[in-house]
Amino acid sequence: MELLSREAPADIGAAASSQDALADTHHRIVVSPAFGKFVHAAPMTFTAEGEWVSAGQVLGTLETGDGTIDVPSPCDGWLVDYLVLDGQRVRPGTALCHVEAE
């Protein structure tokens with residue numbers, strides 16, 4: 001399992017090292033790059049968990065005090081599940097969703 005982040009917060013090192021034992025490169029956990037409210041992608045853009053996603057496809061947006069940040073899929077694969085509720089407040093390094101790479 002691999003933790004992915006657009007910006008690595010200071011506390012993510014511990015989380016990443018704890019995942020090293022899994023070392024399964026087919027599973028990716030997408031993490032929050034900043035503080036904010038994570039909103040799942042709109043139904044017209046993305047259907048649901050279990051759907052195929054392409055690398056770069058937006059899985060959701062992070063609403064911050066300064067605007068919004070798109071959270072893309074790091075790879076082609078299946079969106080296994082969202083790990084936070086739609087609209088949930090998150091901090092940097094919070095696991096947002098699980099993608100199984102093809």
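Everything numeric here is computed off the predicted structure, so don't read it as measured data.

Topic: the sheet that holds strand β8 (residues 88-90)
Reading across the sheet, the 4 strands line up as β6-β5-β3-β8 and stay open at both edges, with antiparallel pairing between neighbours. At either margin of the open sheet sits one strand with a lone partner, and together these are β6 (67-72) and β8. The sheet shows a mean angle of 35° between the axes of neighbouring strands, direction not considered. The pairing of strand β5 (residues 58-64) with β6 spans 6 bridges and is antiparallel. When the bridges of β6 are listed, Thr64 appears paired with Gly67.

So, the packing of aromatic side chains
For the structure shown, the criterion picks out 2 aromatic pairs. Between Phe38 and Tyr82, the aromatic rings sit 6.2 Å apart at their centres with planes inclined by 50°, giving tilted as the arrangement. Linking Phe38 in strand β3 (residues 36-40) with Tyr82 in strand β7 (residues 77-82), this pair joins segments that are 44 residues apart in sequence. In this structure, Phe38 and Tyr82 share a single accessibility class: buried. Taking the centre distance of 5.2 Å and the plane angle of 80° together, the rings of Trp52 and Trp78 count as edge-to-face. Taken together, the positions of Trp52 in strand β4 (residues 52-53) and Trp78 in strand β7 put the pair 26 residues apart, joining distant regions of the chain. Taking the relative accessible area as the measure of exposure, Trp52 reaches 36% and is therefore partly exposed.

Here is what the cut-offs are and how they apply
- Here the residue numbering is sequential within each chain, running from 1 through the sequence in written order.
- Predicted model: local features are reported for residues with pLDDT of at least 70 only, side-chain atom pairs are reported and counted for 80 or more only, and whole-chain, interface and lining totals are derived from all residues.
- By convention in this description, side-chain values take in all heavy atoms of the structure and omit both hydrogens and water.
- A pair of strands is treated as paired once DSSP finds two or more bridges between them.
- In this text, helices come from DSSP runs of H or I with a minimum length of four residues, and strands from runs of E with a minimum of two, each type numbered from the N-terminal end.
- Axes here mean lines fitted to C-alpha atoms, for a helix over just the part in contact, with angles spanning 0 to 180 degrees between N-to-C directions.
- Here a Phe, Tyr or Trp ring, Trp counted by its six-membered ring, pairs with any other such ring whose centre lies within 6.5 Å, and the pair is stacked when the planes are under 30 degrees apart, edge-to-face when over 60, and tilted otherwise.
- Think of it in three bands: with a 1.4 Å probe and only protein chains considered, a residue is buried below 20% of the maximum accessible area for its type, exposed above 50%, and partly exposed in between.

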